[in-house]
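# Summary of the model geometry
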Amino acid sequence: MTPTHHPSGVRGATGSESEGLVLGDQELPFALPENLPELRTYLQGALEIEHLTIPPYLTAMYTIRAGTNQDAYYTIRSVVLEEMLHMTLVANLLNAVGGRPRVARPDFVRSYPAKLPYSALDVTIPLQHFSPEAMRTFLLIERPQHVDDSLPSGKGWTSIGQFYDFIRTGLLTLVEELGEDKVFCGRRERQVGPADFYNSGGEALPVTDLTSALLALRVITEQGEGLHDSIFDSNDQLFGEQRQAAHYFRFNEIRTGRTYGPHDTPDTPPTGPEIDVRWDQAYRIDPNASIADYARYEDTAVHEHAVAFNNAYAELLAHLEIAFNGLPRFMILGVPAMLRLRDLAERLHHNPHPDPDKKSRGYFASATFEIDQHQIERGHEIASARVHTTNLNAKLPVDLSAVEPS
Amino acid sequence: MTSTANGTVAHRRRYDVIVVGAGMAGSLVAKQLGRQGWQVLVLEAGTGGRETWEGHLDAVETFRSAVAKVPNSPFRRNAAAPSPDVLDLAPDGVGFTANGYFVQNGELPYGTDYLRAVGGSGMHWMGLCLRMHPDDFATQARYGYGRDWPIGYDDLEPYYTAAEREIGVAGDAEEQRALGIRSDPHDVYPMHKIPPSYVDEVCRSLDGHTVHDPVAVEDFTLTVFSVPHGRNSTPDPRYAGGLGYRPTGAVGLPNYGERCVGNASCVPFCPVQARWTPLRTQAEFADCVTLAPRCVVTQVINGSDGRIRGVEYRTYDDPESAASRPYRAEADVVVVAAHSIENARLLLASGLANGSGELGRNLMDHPTMLTWALTSADGGQIGPFRGPGSTSGWEAFRFGDARAARAPFRIEIGNWGWGWAAGAPMSNVGTALGVGGDREGNIVSAAVFGTKLRHTLGDQIGRQLQLQFAMEQPADRDNRVTIDDRYRDAMGNPRPVLTYNLSEHVKKGIVAAKRVASAIYAQLGAQEHTDHSPRDGVAPLGYFRYRDQDYTYAGAGHGAGTHIMGGDPTSSVVDSFQRCWDHPNLYAVGCGSMPSVGTSNPSLTMVALALRSAEQIHRDLVELHRPANLSGDRARAGGSVTITEVHP
């Protein structure tokens, strides 16, 4: 099927031309973005892709039993932090080209198992506990371009890197056609900068022109997949951080239980020192857990906590939307929101699955990441109220003492 | 990344500089000189390993399992390079006993510790970065006590700025200007101040109130000021003329650098590596800097011409055994930066640098008097045990003519409840449960359990306020470090023998401080619980009686003065660049050089002095290596060469 190209915007999308839009599956034409609205749509898609990976990574991380698998825990955590940086950089890119990032929408959060959007790979991404299977899923997500160099078919892209290549090429073309000023028409005040979100995963750099836009794209792709033909990412070239293997390779280290040694290449498995990975030291969860399922059981505690988790997740998304849409300083409110998620996830994981049969087979309760419109609205209300009570501006230190927990 | 070497690699090799001690001062000197291309060997007596992620996690576990969370608790016992521990001291009815590394023969205990490890005491410091006040440099001239510095605040100001950039200090420059401590009106710190705690805000309710000091016979007005920290906070985009500042993250794990999130365990340990430690400086060492841990320098070696040749050091493998092998390394310049007490001990053992007779003398600290109270129940909880140990203080008593009458003091507003004074919150649990029984040894019948216990603890602990009064102690020749052949450690090195006391001037300051504390608590409506009196005939550690009143002080961890700086070789050990008068290529760097300590935590001043010394050491080395310049008019003289001037 050859997708046709609509000059007025993307087929099947709704909304005005000036906005990036939240899309359902298969609504992006597999061709280079040819105008600003299409570029924005691609960037909104990138936002969804970066976000999509976070719930599965968090689930793997929070199902590790406390005190075990420290290497794996901190590795996955460092990847999560970088994905959050990627989301921020994509939001900066989208804002820079005059778009409006949308993250607090029910359809922004896919239901799991989810399909990687715009992907040619028939891969579903479930919420899995820390396990070899989870690692294999993550490897598929982060698979570098040079591991599979085939061109995108009509069905989609074969790697996230390829997807960003399209964005990069489209951006360069548009700058040539329209001029840098016309393309980078977004307001500078909407950019999330290093003072707003520093040190976690690298640096949130503001995007104001082609140079910074290309740098942001480079950070995203190289942290994920690695420099061309190498295992390491470019962090040490870009930020002065110590060398660190790109996401794909970090996950492979966990999966194989070995670190990459000095003579290893991207195409060969790691041969360095072993990592102490204990797959049995994880809380096993049901990837198909759902709120509706939990509601069926007599003991409602799990159901309540799972709902509370989803509410907290909606609040986090609301905070991000506020930060990405003109109040970058308020990114910091995402921090206590993330800690709340951590606490709720850990509580769920410590409790057996309410189904007696699953419990007897060793399954624990888990977060479901299901968000509906009602929860989004509630999240917006709470997040806005917090923003009102918190006095944050660039001239003051970040001080959250006035913030009320929910 | 920091790379360390085995001590054997340096054997009989020659370096431009040998630095003894990989603490704050030593690391900064080594980094600066390395950046300028000099070959530097840093010999550290203690062990390393914390610069890796595994080492950091190991320290987290060690700290969490320690029963008493004293400053050295994340570190393992090291028989080869022992460190003093606050637990070494115990009251014994009449005075005190000192077990462990120090031998103490003074009237009063020197209650301060330090750490011999890669990073030194910088691994467990609180992180407060105060500059000294201009008046602090000339207390003898202005107020008639103590010793004056041969340089002034203005000489040190550019180095203070450099020190704040190097460490990455979070603070409010406007407040420091109001205190008379900074001059440039456009100056800001690299990062915004750490937000004041709720406890600080409770204390701020007294802003504008006056308190009477009966010893100085003067009224002082209370204003709460935030204190600058060497701790990651929000970068200030205005810093360095708008260049901003990028905080340094954790050492050993990329992308893990965090800002302060209120773990409340800074002393001894920051689990998220927000607080600056020398490990960050070491991670930036140039390749020409070699760091060798587990190398105890046993002698600084003198040549017959008074120029230092190098050092003798012993390396060990197993810290619990102290079995070691001796080696020698040579250098053009030797810098001892091992802590004021260790510097004195080493130089005394080497028979060096004591033409003045002042080496080891003038041992100082900030004797700190602790007071504690419960705020009124009506006021509600004040939220202790959150955030760094102290984020603000009352500064008024540090300055002014009252210093002539009594030692000045800085009031640290404590954020950690009665932790230091009374071992809270664990002690509260013990007390509530009646652990230990009553005075007759019977089971306490009024012990509380369950819900009542939780409420009691929440209520009590939540209203704990501790005010720490850090006294300036002036240089006193009789407070000193010496060595004695009879007292040696497991490796056979002489242990420091300390003789310590408090002068009348300091005791009067403590008297004033105690009265000020009570006045403050009264104004807050808080119920004071300070008790310095003997219990069952046993006086607490650091106890003394003055005019029929009981007082107790603790050590602050601020060793200073033992290789005092001055303008005259007959009365000081080092010059203003911390170069030993007696040996032109030997530097003694650290708080030991300070002629006075003022009422500010000394680390920032130490760093400023170290950076200034590093510049001078560089000049010395350049001087040593620069070729003689023969200037002659070869062209004019025709065939013959006439040397008209020789420039050495």
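The structure presented is a predicted model; accordingly, all values stated were derived computationally and were not measured.

Another point: the overall build of chain B. On a plain count of helices and strands, chain B comes out with 15 helices and 24 strands. Relative to the 2.2 N^0.38 estimate, which gives 26 Å for 648 residues, the radius of gyration of chain B is 25 Å and therefore close to what a compact globule would have. In chain B, once contacts between residues fewer than 6 apart in sequence are set aside, the share between residues at least 24 apart is 72%. Mean positive and mean negative side-chain charge positions of chain B (60 and 71 charges, respectively) differ by 3 Å.

Next up on the list: the overall build of chain A. When helices and strands are counted, chain A shows 14 helices and two strands. Here chain A, with 406 residues, has 59% of them falling under the buried criterion. Taking the intrachain contacts of chain A between residues at least 6 apart in sequence as the baseline, contacts between residues at least 24 apart amount to 68%. Within the structure as shown, chain A displays about 16600 Å² of accessible surface, and the carbon and sulfur contribution to it stands at 52%.

For the rest of this paragraph, the subject is the side chain of B:Ser390. By the secondary structure assignment, B:Ser390 is in the loop between β13 (368-374) and β14 (392-394). Among the polar contacts listed, one links the side chain of B:Ser390 to the backbone oxygen of B:Ile413, at a separation of 3.0 Å.

Another aspect to go through is the pattern of salt bridges. Residues and elements named next belong to chain B. All told, the structure shown has 49 salt bridges over all chains when counted by the stated rule. The salt bridge partner of Asp187 is Arg182, with a shortest N-O separation of 2.8 Å. For the residue pair Asp187 and Arg182, the accessibility class agrees, reading buried in each case. One salt bridge in this structure joins Arg579 and Asp620, with 3.1 Å as the shortest N-O distance. Of the two residues, Arg579 sits in the loop between β21 (549-552) and β22 (586-588) while Asp620 sits in helix α14 (residues 603-625), which places them 41 residues apart along the sequence. Among the ionic contacts, a cluster of salt bridges with common partners joins Arg131, Glu157, Glu164, Arg182 and Asp187.

Glancing now at empty space enclosed by the protein. Residue and element names in this part refer to chain B. Tallying each qualifying case throughout the model produces eight cavities of 30 Å³ or more. Its volume calculated, the largest cavity comes out at about 140 Å³. The wall of the largest cavity is formed by Arg50, His56, Met123, Val251, Phe269, Cys270, Gln273, Arg275, Thr277, Leu279 and Arg280. The residue makeup of the lining of the largest cavity, split by class, is five nonpolar, three polar and three charged.

This part takes up the packing of helix α11 (residues 426-433) of chain B against helix α12 (residues 450-461) of chain B. Residue and element names in this part refer to chain B. Following both chains from N to C, one finds α11 and α12 inclined at 135°, their axes separated by 10 Å at the closest point. The orientation of α11 relative to α12 falls into the category oblique. α12 is crossed by α11, and the crossing has right-handed handedness. Within the contact between the two elements, α11 uses Asn428, Val429, Ala432 and Leu433 and α12 uses Leu453, Leu457, Gln460 and Ile461. Among the residues forming the contact of α11 with α12, the class breakdown is six nonpolar, two polar and no charged.

Residue and element names in this part refer to chain B. Taken together, the three strands give an open sheet; going across it, the order is β5-β18-β17, and neighbouring strands pair in mixed fashion. With partners counted over all chains shown, the strands left at the sheet margins are β5 (103-104) and β17 (480-482), one partner each. Note: β5 against strand β18 (residues 497-499), two bridges, orientation parallel. Note that in β18 the partner of Val103 across the bridge is Val497.

Residues and elements named next belong to chain A. At a minimum axis separation of 10 Å, helix α1 (residues 36-52) and helix α5 (residues 160-178) run at an interaxial angle of 155°. In terms of orientation, α1 lies roughly antiparallel with respect to α5. Handedness of the crossing formed by α1 with α5: left-handed. Contact with α1, carried on its side by Leu36, Leu39, Tyr42, Leu43, Gly45, Ala46, Ile49 and Glu50, involves Ile160, Phe163, Tyr164, Phe166, Ile167, Leu171, Leu174 and Leu178 of α5 and no other residues of that element. Of the residues belonging to the contact of α1 with α5, the class tally is 14 nonpolar, one polar and one charged.

Residue and element names in this part refer to chain B. Examined against the element boundaries, Ser392 turns out to sit in strand β14. Engagement of the side chain of Ser392 in a polar contact is seen with the side chain of Asp200, the distance being 2.8 Å. The residues touching Ser392, leaving out its near neighbours within four places in the chain, are Pro196, Asp200, Val224, Phe225, Ser226, Val227, Arg410, Ile411, Glu412 and Ile413.

Residues and elements named next belong to chain B. Extensive coverage of strand β16 (residues 464-471) is indicated by the burial of eight of its eight residues. Along β16, one buried face is formed by Gln464, Gln466, Gln468 and Ala470 and the opposite face, lined by Leu465, Leu467, Phe469 and Met471, is buried too. Sheet topology places strand β15 (residues 409-414) next to β16; six bridges connect them, and they run antiparallel. Bridging across to β16, Phe409 finds its partner in Met471.

Residue and element names in this part refer to chain B. As for its placement among the helices and strands, Cys295 is situated in strand β10 (residues 295-302). Distance from Cys295 to Arg314, taken between C-alpha atoms, is 5.4 Å for residues 19 residues apart in sequence. Excluding residues that lie within four positions of it along the chain, Cys295 makes contacts with Gly7, Leu43, Glu44, Ala45, Tyr313, Arg314, Thr315 and Tyr316.

Residue and element names in this part refer to chain B. In this model, Val267 is joined to Pro268 through a cis peptide bond whose omega is 20°. Along the chain, Pro268 falls in the loop between α7 (239-242) and α8 (278-283). Residue Pro425 is bonded to the preceding Ala424 through a cis peptide linkage, with omega at 0°. In this fold, Pro425 is placed in the loop between α10 (419-422) and α11. Phi at Gln273 is positive, roughly 55°, even though this residue is not glycine. Within the secondary structure, Gln273 sits in the loop between α7 and α8.

Let us now look at the environment of A:Ala323. Residues and elements named next belong to chain A. Turning to its location among the elements, Ala323 is positioned in helix α11 (residues 301-324). Each C-alpha atom, one on Ala323 and one on Val192, is 7.8 Å from the other, the two residues being 131 residues apart in sequence. When residues no more than four places from it in sequence are discounted, the contact partners of Ala323 are Val192, Pro328, Phe330 and Met331.

Now for the sheet that holds β14(B). Residues and elements named next belong to chain B. Pairing within the open sheet is antiparallel, and its six strands lie in the order β8-β14-β15-β16-β13-β19. The sheet is open, and its two borders are formed by β8 (224-226) and β19 (527-528), each paired with just one other strand. Bridging between β13 and β19 involves two bridges; their strand directions are antiparallel. Looking at the pairing, Leu374 lines up with Gln527 of β19.

Residues and elements named next belong to chain B. Across chain B, pLDDT averages 91, with 96% of residues at or above 70. Of the regions scoring below 50 in pLDDT, residues 641-648 engages in 15 contacts with residues more than four places distant in sequence or in other chains. In the model output, the complex is listed with pTM 0.86 alongside ipTM 0.71.

A separate point is the nonpolar core. Counting residues in hydrophobic clusters, the biggest one holds 105 residues, and the most contacted among them are A:Ile76, A:Phe130, A:Ile167, A:Leu171 and A:Phe184. In contact with A:Ile167, not counting residues within four places along its chain, are A:Leu39, A:Tyr42, A:Leu43, A:Ala46 and A:Leu217. Within the second largest apolar cluster, 95 residues are counted, among which are B:Leu43, B:Ala162, B:Val335 and B:Leu604.

Residue and element names in this part refer to chain B. All told, the structure shown has 31 aromatic pairs over all chains when counted by the stated rule. Summarising the aromatic geometry, the rings of Trp125 and Trp276 are spaced 6.2 Å apart at their centres and angled 85° between planes, so their arrangement reads as edge-to-face. Of this pair, Trp125 sits in the loop between β5 and α3 (139-143) while Trp276 sits in the loop between α7 and α8, and the two are 151 residues apart along the sequence. Residues Trp125 and Trp276 agree in their burial class; the two are buried. With 5.8 Å between their ring centres and 35° between their planes, Tyr153 and Tyr160 make a pair best called tilted. One aromatic cluster is present, formed by Tyr101, Phe102, Tyr110, Tyr114 and Tyr500 through successive ring pairs. Sitting above the plane of the Tyr189 ring, Arg182 keeps its charged end 4.2 Å from the centroid.

Moving on: the confidence of the model for chain A. Segments scoring low in pLDDT should not have their predicted coordinates read at a detailed level. For chain A, the average pLDDT comes to 82, and 80% of its residues sit at 70 or higher. The model gives residues 1-26 of chain A a pLDDT under 50, and that stretch makes 54 contacts with residues more than four places away or in other chains.

All names here are of chain B. Of all the seven residues making up strand β1 (residues 14-20), six are buried; the element is thus mostly covered by neighbouring parts of the structure. Of the strand pairs in this sheet, β1 and strand β12 (residues 324-336) are connected by six bridges, and their pairing is parallel. Residue pairing across strands places Ile18 opposite Val334, the latter belonging to β12. Pairing of β1 with strand β2 (residues 40-43), which is carried by four bridges, proceeds in the parallel orientation.

What counts and what doesn't
- Residues numbered from 1 in each chain as written.
- Chains lettered and ligands numbered in written order.
- Predicted model: local features only at pLDDT ≥ 70, side-chain atom pairs only at ≥ 80, totals over all residues.
- Heavy atoms only, no water.
- Helix = DSSP H or I, 4+ residues; strand = E, 2+ residues; numbered from the N terminus.
- Rg over C-alpha atoms; globule rule 2.2 N^0.38 Å.
- Contact = heavy atoms within 4.5 Å.
- Lys, Arg positive; Asp, Glu negative; His and termini not counted.
- Charge placed at Lys NZ, Arg CZ, Asp CG, Glu CD.
- Buried < 20%, exposed > 50% of the residue type's maximum accessible area, 1.4 Å probe, protein only.
- Areas by Shrake-Rupley, 256 points an atom, 1.4 Å probe, with all protein chains shown as cover.
- Polar contact = N/O pair within 3.5 Å; in protein donor to acceptor, adjacent residues only side chain to side chain.
- Salt bridge = Lys/Arg side-chain N within 4 Å of Asp/Glu carboxyl O.
- 1 Å grid on protein atoms, 1.4 Å probe; cavity = no way out; pocket = protein on both sides within 12 Å on 5 of 7 lines; lining within 4 Å.
- Points joined across faces, edges and corners; volume = space filled by probe spheres on them.
- Nonpolar A, V, L, I, M, F, W, Y, C, P; charged D, E, K, R; others polar.
- Axes fitted to C-alpha atoms, helices over the stretch in contact; angles between N-to-C directions.
- Parallel < 35°, antiparallel > 145°, perpendicular 65-115°, else oblique.
- Left-handed = near helix turned anticlockwise from the far one by under 90°.
- Pairing = 2+ DSSP bridges.
- pLDDT = per-residue confidence, 0-100.
- Core = buried A, V, L, I, M, F, W, Y, C linked by side-chain atoms within 4.5 Å.
- Phe/Tyr/Trp six-rings, centres within 6.5 Å; stacked < 30°, edge-to-face > 60°.
- Lys NZ or Arg CZ within 6 Å of the ring centre and 35° of its normal.

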